[in-house]
Amino acid sequence: MKALIIGAAGMIGRKLTQRLARDGRLAGRAIAHAHLVDIVAPQPPANAAFPVALDAFDIAAPYVAPKLIAPRPDIIFLLASVVSGEAEADFDKGYAINLGGTHALFEAIRREQALSGGAYRPRLVFTSSIAVFGAPFPEKIGDEFIAAPLTSYGTQKAICDLLLADYSRRGFFDGIGLRLPTICVRPGAPNKAASGFFSGIIREPLAGKEAILPVGDEVRHWHASPRAAVEFLVRAAELDLALLGPRRSLNMPGVSVTVGEQIEALREIAGEKAVKLIRPQPDETIARIVAGWPRNLDPARARELGFRADATFSAIIEAYIEDELNG
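Residues numbered from 1 in each chain as written. Predicted model: local features only at pLDDT ≥ 70, side-chain atom pairs only at ≥ 80, totals over all residues. Heavy atoms only, no water.

A. Expanded view of the pairing of strand β4 (residues 33-38). The buried fraction of β4 amounts to five of the six residues, a majority that puts the element mostly inside the structure. Where strand β1 (residues 2-6) lies against β4, five bridges are found, and the strand directions are parallel. Counted as the bridge partner of Ile-6 is Val-37 from β4. As judged from the five bridges shared by β4 and strand β5 (residues 52-56), these two strands associate in the parallel manner. (Buried < 20%, exposed > 50% of the residue type's maximum accessible area, 1.4 Å probe, protein only. Helix = DSSP H or I, 4+ residues; strand = E, 2+ residues; numbered from the N terminus. Pairing = 2+ DSSP bridges.)

Put into structure tokens, the structure is as follows:
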């Protein structure tokens, strides 16, 4: 099996790469080669039992998608995107990468299939987002809730969900879209995502640093850990996608908590000293964006298909401490 990971230098991409290097197999098949791609060259995984190629490409550049698909990878993980806050601030960049780059990749696969006489039909796992949903919300968003995004990022992901379903319906590839919760706690430096503070108010205090909280304690949101995100991707790679029917995008499981409940979980694990490092600093732009995001979901289809997430927000914090802070 040949694997292509686009967005491999990002947090989830790095963790997925480490998982594949550790296992050496995916969906019951040995990995023969992995191609890791991002806007900056990804780092090679340690102790991989298969060859790994590393490249730095902008997926919005017109020559890139055909180059990536020419070797005919068997499975493609499309993780790359401009994050929510940046996509809202830079309209052109968001559409060029999140929509243009994705569509170019889909088209490259379609053309490669034509060159193969119809024989080439890869599995494609696309990371979508719960940002495809917009307010007003029911108490829990079910699988029948309409996608009506209130941000450019959410709109770009919703369009890609539709393209994924249509290209899969036409048989150009076998695609599945994972509408991810906000992934928390994200390690490393903050990025430009509007949701970044959800991780920051946990990550920074655990490191003894001040964290800025731009919204009120009552804000409720839907979360999953990086561990869970990698498990979602691996499950999507092995799943019989005939079970999805024509609806190719799934709402992923997660944990619904308020910011206040996040802080209380931090208090229980790290004490009052950590909590005192959180400094409220209201930001109307962030508050407006977050107000248009889902707060709670009932992802029945995904659960029936074997996708699992963290049981509590405390479990999310504990996973971060184990994986990033050596326990």
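B. Representation of the pairing of strand β8 (residues 174-180) in the model. With respect to burial, β8 is a largely interior element, seven of its seven residues being buried. Of the two faces of β8, the one carrying Asp-174, Ile-176, Leu-178 and Leu-180 and the one carrying Gly-175, Gly-177 and Arg-179 are both buried. Pairing between strand β7 (residues 123-129) and β8: seven bridges, direction parallel. In the sheet register, Val-125 faces β8, and the bridge partner there is Ile-176. Handedness of the crossover joining β7 and β8 through helix α5 (residues 152-169) is recorded here as right-handed. In the sheet, β8 pairs with strand β12 (residues 249-251) via three bridges, with the strands oriented parallel. Its bridge partner being in β12, Gly-177 is matched across the sheet by Ser-249. (Right-handed = clockwise from strand over helix to strand, strands pointing away.)

C. Here's a closer look at the packing of aromatic side chains. This model, assessed by the stated rule, comprises 10 aromatic pairs. Ring geometry for Phe-133 against Phe-145: centres 5.8 Å apart, planes inclined by 55°, an arrangement best described as tilted. Note that Phe-133 is positioned in the loop between β7 and α5 and Phe-145 in the loop between β7 and α5, a separation of 12 residues in sequence. Judged by relative accessible area, Phe-133 falls into the buried class, the value being 1%. With 4.2 Å between their ring centres and 35° between their planes, Phe-197 and Phe-198 make a pair best called tilted. Given the relative accessible area of 8%, Phe-197 is considered buried. Of the aromatic side chains, those joined through ring pairs into one cluster are Phe-106, Tyr-167, Phe-172 and Phe-173. The residue whose ring lies beneath Arg-110 is Phe-172, and the NZ or CZ to ring-centre distance is 5.7 Å. (Phe/Tyr/Trp six-rings, centres within 6.5 Å; stacked < 30°, edge-to-face > 60°. Lys NZ or Arg CZ within 6 Å of the ring centre and 35° of its normal.)

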